[in-house]
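Structure assessment
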Amino acid sequence: MKYTSQDFKSDQEVKWCPGCGDHAILASVLKAMPEVCEELNINKEDLVFVSGIGCSSRFPYYMNTYGFHSIHGRATAISTGVKVANPKLSVWQATGDGDSLAIGGNHFIHAIRRNIDLNIIMFNNRIYGLTKGQYSPTSKKGIVTKTSPYGSIEEPFTPGNLVLGARGTFFARSLDSELKLNQEIMVQAAKHKGTSIMEMLVNCVIFNDGTHQEFAERSVRADRTIVLRHGEPMIFGANRDKGLVLDGLQLKVVTIGENGVTEKDILVHDAKSDDKLPIHTMLANMKYPDFPVALGVIRDVEDSTYDENVHKQVAEVKEKAKISTIDQLLHSGATWEVK
Amino acid sequence: MEHKIIDTKEVVIRFTGDSGDGMQLTGTLFADASALYGNEISTFPDYPAEIRAPQGTVAGVSGFQVHIGQTEVKTPGDFCDVLVAMNPAALKANAKWAKPGASIILDEDSFDEKGLEKAGFKTNDPIEEMNLKDYHIVWAPITTLTKESLKDSGLDNKAIVRSKNMFTLGMCYFMFNRPLHFTEAYLEKKFAKKPQLIETNKKVLNDGYNYAHNIHAIPNTYRIEPAAQEPGIYRNINGNQATAWGLLAASEKSGLPLFCGSYPITPATVILEELAIHKAFGAKTVQCEDEIAGICTSVGAAYAGNLAVTTTSGPGLSLKSEAMGLAMITELPLVIVDVQRSGPSTGIPTKTEQTDLAQALYGRNGECPIMVMAARTPSHCFESAFYAAKYALEHMMPVILLTEGFIGNGSEPWKIPDVSKYPAINPPIINKCEGKFKPYERDLERWARRWAHPGTPGLEHRVGGLEKAENGSVSSDPENHALMVANRAEKVARVANYIPDLKVMGNQEGDVLIVGWGGTYGHLYTATKQLLDEGKNVGFAHFDYINPLPKNTTEVFKKFKKIIVCELNSGQFVNYLRGIHPQFTFGQLNKVQGQPFIVKEIVDAVNAL
């Protein structure tokens, strides 16, 4: 490989709190980038990191690539402009649950709908960190924060459900501490043509410590999460003895070896078929304790991208056009001469 | 009645009817035919915000005024010589715009009891009720005659009735001695795929012409000889189209692909629509999910190295405020076109005003000066848009170009410029540098930073909304912040070294200097002419550049005893001038009615000083 992760590291001091999950995501990205450049056959200067506002949005400063730290909620629109202006660039976006789902919700869903070739890493810590602890659109109902001193009365978004509802072509989920899995997801997202949403469940040690703990805690993680990989059976558990099956129209957790269930009965993950959208949606919506929380690439289907189509249309029109200079344009249509 | 042909230098005609009556098209065709005939023209579309307001009501009246003449047609005219009213509501809403004794052509068929009632007439004699007895009223059963004309055409009743505007147009062509062939050629092109409609429209047009000729109810017809214009090739152009083309010209000159992120809004939408047509020039248009995305996609495109543009009107400019600040602090080239309309909030969306100036100058958080330009006339939008792009690109900053509904929608004949004579555009693009690239290092003349496009090896850098040091690192150092604020302001101020001097029309020194900016140019010009003809000692200075002001502004102001600043707001420009030039006393003329000035208002105000 032509790069090492050190090549992508900037000289800026990383200013996240000690113990913040964002450090692990940065480490994952730095590790993934050499492989991303290799896979896409691009150079370091072809990478652009865009962000909005929030703790996670400091990200571009820590990458020694082109970077744009923009304004709250608008990163997706800025990224869209960058990518449409120059589709040769590999555009990455760091955003948070507040940045992308609250103030930037509109840009987020429309980028997904258009399927612009962006790689969006959403740091979901279920809290507003930079403004020092207010509930976010993914905070659990009942959470006590500075703006919900008597408990939040709002129901949260499940980001994956929103992404798939907005006709997302790529959705993956992971945990801050799963460095290997993160790297795997990031490379797959880079290769995916279209909007790739990577939801990273990160821990905010200061304002929302342990928010994902009930399933992310190391000692219970294997039993309470499931790592999905395309073409592999949906098996999980410390003993690799639990799996998912379809029971009528619903998913169901079963134990292999119990009630005559064998490995053959377990569903095989198909991330690539568009017609598996209902199952992708069910997987993205699985919540502990009824289900394991799904990690890995849940959906990765092919579709044409917006940026590609913009340029295709420009090329098509150019080819057929009779007018190609401003001078010709000015003289087109009805004109008359005064002598 | 004896028929006379009157030779005249100019005439104003106002087409009015229900929004569904096709008056905008009728007016446009009349204007185009006149321009192609060689007259000077100026047009003013005056239509309601509702696409189809309740039929027959005053709220649903749509109008289109055309001023045609031999020379110096700079405004659509204050009052009309001929008013066409397709229904009672149109008469009710527009009779006030007819000159005393003007001809008023009415579609007799629509003046039934129901029609009169809908328009709010209390009696069945609208002429008496509106005191129009001294006007020359031409009652023509236009609907009936159109039906008769097309009874064997095979068209259904709805389509037939819809053709009545062509009948009216034919009548007007007779009245004004206009040749029909320009409009016939238009119909042939427009309906090339529906030959039946070519024939039916032509027939109605000709029948209208012949009817007007035969009835002898029209006492006078007018002859306006072609204007004595400067030699050259001419075309008609409206302001929004000219803006779009000016941006395309800047794209061609700079060699940078055009990117336009926008959201549809009245009356700016046409610029986005026009750019969307011209993909052959490599223009990319993104119809965004909202105004904010419109500007933010453009900021992203600017960062990536395109000529980036966003277009909007009043409320959209409000939504773009924060991102304008981002473009300003990241020092990226961006053109923001604001086609002003009546505000605040949604206001009167289809009516014209100059009420966004203060917002353009100041409407952002923090110390955020932005270059502000304004276009004078529909065709001037071309040049203005070109230069807005040139300044944005060469000085690495956002530029706001203010136009107005009045000039955006209005059209005029335009001597096609030789674009090869337009200046080159040379943005400070950097491809490599010695040592570490400092994104906020400045060139010592323009004070602009350099533009490193992503994809360029070795120049990786970060920009953003947080204050930066020269090397691109985030900095909250107090001295650095003060320096960066001053640097960004200095860069805008230095544009004054690159813009043309303010010119004065009329007397170069004297009693009164008439001052204006933007789309009031035509009215102010005409008023100044009139005052000069009356022997008044006046001059007229029109500002195309508002921030910064031309360098000779003080010199110009000094030469007049009195200054009157005329604008379609409550005094936004005059107050700006008072802040910068407190040594002068400024009078002011203001109008905030969603309507352009009328020349008489300006003349009276100057005479009253």
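Residues numbered from 1 in each chain as written. Chains lettered and ligands numbered in written order. Predicted model: local features only at pLDDT ≥ 70, side-chain atom pairs only at ≥ 80, totals over all residues. Heavy atoms only, no water.

A word on the overall build of chain A
Our working rule: Helix and strand definitions follow DSSP, with helices as H or I runs of at least four residues and strands as E runs of at least two, each counted in order from the N terminus. Each residue is assigned to one of three classes by its accessible area relative to the maximum for its type, calculated with a 1.4 Å probe on protein chains only: buried under 20%, partly exposed between the two thresholds, exposed over 50%. Contact criterion: two residues are considered in contact whenever any of their non-hydrogen atoms come within 4.5 Å of each other. Only the protein chains shown count as cover for residues, and the accessible areas themselves come from Shrake-Rupley with a 1.4 Å probe. The sign given to each residue is positive for Lys and Arg and negative for Asp and Glu; His and the chain ends receive no count. Taken as the charge centre is NZ of Lys, CZ of Arg, CG of Asp or CD of Glu, depending on the residue.
Along the backbone of chain A there are 11 helices and 12 strands. Overall, the C-alpha framework of chain A stretches about 95 × 45 × 45 Å when taken along its three principal axes. The burial tally for chain A puts 56% of its 339 residues in the buried class. Partitioning the contacts of chain A with sequence separation of at least 6, the portion at a separation of at least 24 is 67%. Total accessible area on chain A is roughly 14500 Å²; 50% of this is exposed by carbon and sulfur atoms. The distance from the centre of the 38 positive side-chain charges to the centre of the 41 negative ones in chain A is 3 Å.

Topic: the packing of helix 5 (residues 142–149) of chain B against helix 7 (residues 164–175) of chain B
Residue and element names in this part refer to chain B. Note the cut-off: Note on method: axes are straight lines fitted to C-alpha atoms, helices fitted across the in-contact stretch only, with angles between N-to-C directions ranging 0 to 180 degrees. Here the word oblique covers every angle except those under 35 degrees (roughly parallel), over 145 (roughly antiparallel) and from 65 to 115 (roughly perpendicular). Residues were grouped as follows: Ala, Val, Leu, Ile, Met, Phe, Trp, Tyr, Cys and Pro as nonpolar; Asp, Glu, Lys and Arg as charged; and all remaining residues, including Gly, as polar.
Put simply, helix 5 and helix 7 touch, their axes get as near as 9 Å, and they point 105° apart. Put simply, helix 5 runs roughly perpendicular to helix 7. Two secondary-structure elements touch here, helix 5 through I142, T143, L145 and T146 and helix 7 through K164, F167, T168 and M171. Taken together, the residues that form the contact of helix 5 with helix 7 break down as four nonpolar, three polar and one charged.

Some words on the interface of chain A and chain B
The test is simple: Accessible surface is computed with a 1.4 Å probe, and the buried area is the amount of it that two parts give up when combined, taken over both parts together. What makes a salt bridge here is a side-chain nitrogen of Lys or Arg within 4 Å of a carboxyl oxygen of Asp or Glu, nothing more. N or O atoms within 3.5 Å of each other form a polar contact, as long as, within protein, one can give a hydrogen and the other can take it, and as long as residues adjacent in sequence are counted only when both atoms are side-chain atoms. Strand pairing is assigned whenever DSSP identifies at least 2 bridges connecting the two strands.
The interface of chain A with chain B comprises 57 residues on the first partner and 68 residues on the second. Between chain A and chain B, roughly 5100 Å² of surface is buried when both sides are summed, and carbon and sulfur atoms account for 66% of that area. Counting every contact that joins chain A to chain B gives two salt bridges. Here E289(B) ties to R114(A) by a salt bridge, and the two come within 2.9 Å at their closest N and O atoms. For the pair chain A and chain B, the interface holds 23 residue pairs in polar contact (both at pLDDT 80 or more). Taken together, the elements giving at least two residues each to the side of chain A that touches chain B come down to strand 2 (66–69), helix 2 (75–85), helix 4 (105–114), helix 10 (306–320), helix 11 (326–330) and strand 12 (335–338) of chain A. Looking at the side of chain A that touches chain B, its residues break down into 25 nonpolar, 21 polar and 11 charged. Across three bridges, strand 2 of chain A lies against strand 17 (residues 462–464) of chain B in parallel orientation.

Comments concerning the domain arrangement of chain B
Residues and elements named next belong to chain B. The criterion, for reference: Note that the domain bounds reflect an automated or database-derived domain assignment.
Once the domains are mapped, chain B shows domain 1 (4–223), domain 2 (236–414) and domain 3 (504–607). Centre-to-centre, using C-alpha coordinates, domain 1 lies 34 Å away from domain 2. Taken together, the contact pairs 15 residues of domain 1 with 11 residues of domain 2. Of the roughly 970 Å² buried where domain 1 meets domain 2, counting both sides, 55% is carbon and sulfur surface. Contact with domain 2 buries surface across domain 1, with I41, T43 and Y47 losing the most and accounting together for 44% of the total. On the surface where domain 1 and domain 2 come into contact, there are one salt bridge. With a closest N to O distance of 2.4 Å, K351 and D46 form a salt bridge. Joining domain 1 to domain 2, the criterion identifies five residue pairs in polar contact (both at pLDDT 80 or more). Counting only elements with at least two residues in the side of domain 1 that touches domain 2, the list comes to helix 1 (23–37) and strand 3 (40–46). For the side of domain 1 that touches domain 2, the element with the highest residue contribution is strand 3, accounting for seven residues.

Comments concerning the packing of helix 5 of chain B against helix 9 (residues 195–215) of chain B
All names here are of chain B. Inclusion rule: Handedness of a helix crossing follows the sense of rotation of the near helix relative to the far helix, less than a right angle counterclockwise being left-handed and clockwise being right-handed.
It is the contact of helix 5 with helix 9, at a shortest axis distance of 10 Å, that shows an interaxial angle of 125°. The angle between helix 5 and helix 9 places the two elements in the oblique class. The interaxial crossing formed by helix 5 with helix 9 has right-handed handedness. Here L145, T146 and S149 of helix 5 lie close against helix 9, whose contacting residues are K203, V204, D207 and Y211. Here the contact of helix 5 with helix 9 is built from residues that sort into three nonpolar, two polar and two charged.

A few points about the packing of aromatic side chains
Short version of the rule: Between the rings of Phe, Tyr and Trp (Trp by its six-membered ring), a pair exists once the centres lie within 6.5 Å; its type follows the angle of the planes, with under 30 degrees stacked, over 60 edge-to-face, and the other angles tilted.
Per the stated rule, a full pass over the model turns up 33 aromatic pairs over all chains. Between the aromatic rings of Y3(A) and F8(A), the centroid separation amounts to 5.3 Å while the plane-to-plane angle is 65°, which identifies the pairing as edge-to-face. Both rings, one in F584(B) and one in F586(B), keep their centres 6.3 Å apart while their planes meet at 70°; by these two values the pair is edge-to-face. Put simply, the rings of F382(B), F386(B), Y387(B), Y391(B), W414(B), Y422(B) and Y545(B) pair up and form one aromatic cluster.

As for the sheet that holds strand 4 (residues 61–69) of chain B
All names here are of chain B. If you walk across this open sheet you meet the six strands as 3-4-2-5-6-7, and the pairing is mixed. In this open sheet, the two strands that pair with only one neighbour each are strand 3 and strand 7 (136–140). Each neighbouring strand pair of the sheet contributes to a mean axis angle of 15°, computed without reference to strand direction. Sheet analysis places strand 2 (residues 10–18) next to strand 5 (residues 80–85), joined by four bridges and oriented parallel. Residue pairing for strand 5: T16 is matched across the bridge by A85. The strands that helix 1 touches are strand 2, strand 3 and strand 4; relative to strand 4, the one it contacts most, it runs at about 10°.

Describing the nonpolar core
Note the cut-off: For this analysis, a nonpolar core means a set of buried residues of the types Ala, Val, Leu, Ile, Met, Phe, Trp, Tyr and Cys, connected via side-chain atoms within 4.5 Å.
Membership of the largest hydrophobic core comes to 160 residues, with the highest contact counts inside it found for F382(B), F557(B) and F573(B). Take this core: its biggest share by element is nine residues, from helix 16 (residues 380–395) of chain B. Once residues lying within four places of it in the same chain are set aside, the contact partners of F382(B) are I326(A), L330(A), A242(B), T243(B), W245(B), G246(B), A249(B), W414(B), P417(B), V419(B) and Y422(B). With 45 residues, the next largest nonpolar core counts I68(B), V84(B), C172(B) and Y211(B) among its residues.

Details of the pattern of salt bridges
All names here are of chain A. By the definition in use, this model includes 41 salt bridges over all chains. When the shortest N-O distance is used, the salt bridge between K141 and E155 registers 3.2 Å. With K141 in the loop between strand 4 (118–124) and helix 5 (159–165) and E155 in the loop between strand 4 and helix 5, the pair connects residues that are 14 residues apart, well separated along the chain. The class of K141 is partly exposed, set by a relative accessible area of 49%. The class of E155 is exposed, set by a relative accessible area of 58%.

Description of the sheet that holds strand 14 (residues 371–374) of chain B
Residue and element names in this part refer to chain B. As summarised here, the arrangement of the seven strands in space is 11-10-12-13-15-14-21, forming an open sheet in which the pairing is mixed. Whereas interior strands pair on both sides, the edge strands pair on one side only; in this sheet they are strand 11 (284–287) and strand 21 (545–547). Pairs of neighbouring strands in the sheet enclose a mean axial angle of 20°, with direction left out of account.

Structural notes on the pairing of strand 9 (residues 242–247) of chain A
Residues and elements named next belong to chain A. Bridge count for strand 8 (residues 235–236) against strand 9 is two bridges, and the pairing is antiparallel. Paired with I235 across the strands is G243, a residue of strand 9. Bridge analysis of strand 9 against strand 10 (residues 250–255) gives six bridges, and the strand direction is antiparallel. Its bridge partner being in strand 10, V245 is matched across the sheet by K252. In this antiparallel pair of consecutive strands, strand 9 and strand 10, the connection spans two residues, and G248 shows a positive phi of 65°.

Digging into unusual backbone geometry
With an omega dihedral of -5°, the bond running from T266(B) to P267(B) counts as a cis peptide bond. Within the secondary structure, P267(B) sits in the loop between strand 10 (258–262) and helix 11 (269–277). Omega for the bond connecting G343(B) with P344(B) falls within 30 degrees of zero, at 0°, which places this linkage in the cis form. With respect to the helices and strands, the residue P344(B) is situated in the loop between strand 13 (334–340) and helix 15 (357–362). Although it is not a glycine, R240(A) adopts a positive phi angle of roughly 50°.

Here's the deal with helix 18 (residues 478–493) of chain B
Using the following cut-off: In a helix, the anticipated span is given by 1.5 Å times the number of residues less one.
Relative to the 22 Å expected for 16 residues at 1.5 Å per residue, helix 18 of chain B spans 23 Å between its end C-alpha atoms, a close match to the ideal helical length. Structurally, helix 18 of chain B contributes buried residues whose contacts are with helix 14 (321–330), strand 14, helix 16 and strand 21 of chain B.

As for the confidence of the model for chain B
Keep this limit in mind: pLDDT gives the predictor's per-residue confidence on a scale running from 0 to 100.
When pLDDT is averaged along chain B, the result is 94; 99% of the residues meet or exceed 70. Per the prediction output, this complex has pTM 0.93; the corresponding ipTM is 0.97.

What to know about helix 4 of chain A
Taking burial as the measure, the 10 residues of helix 4 of chain A include seven buried ones, the bulk of the element. Every buried residue of helix 4 of chain A is listed here: G105(A), H107(A), F108(A), H110(A), A111(A), I112(A) and R114(A).

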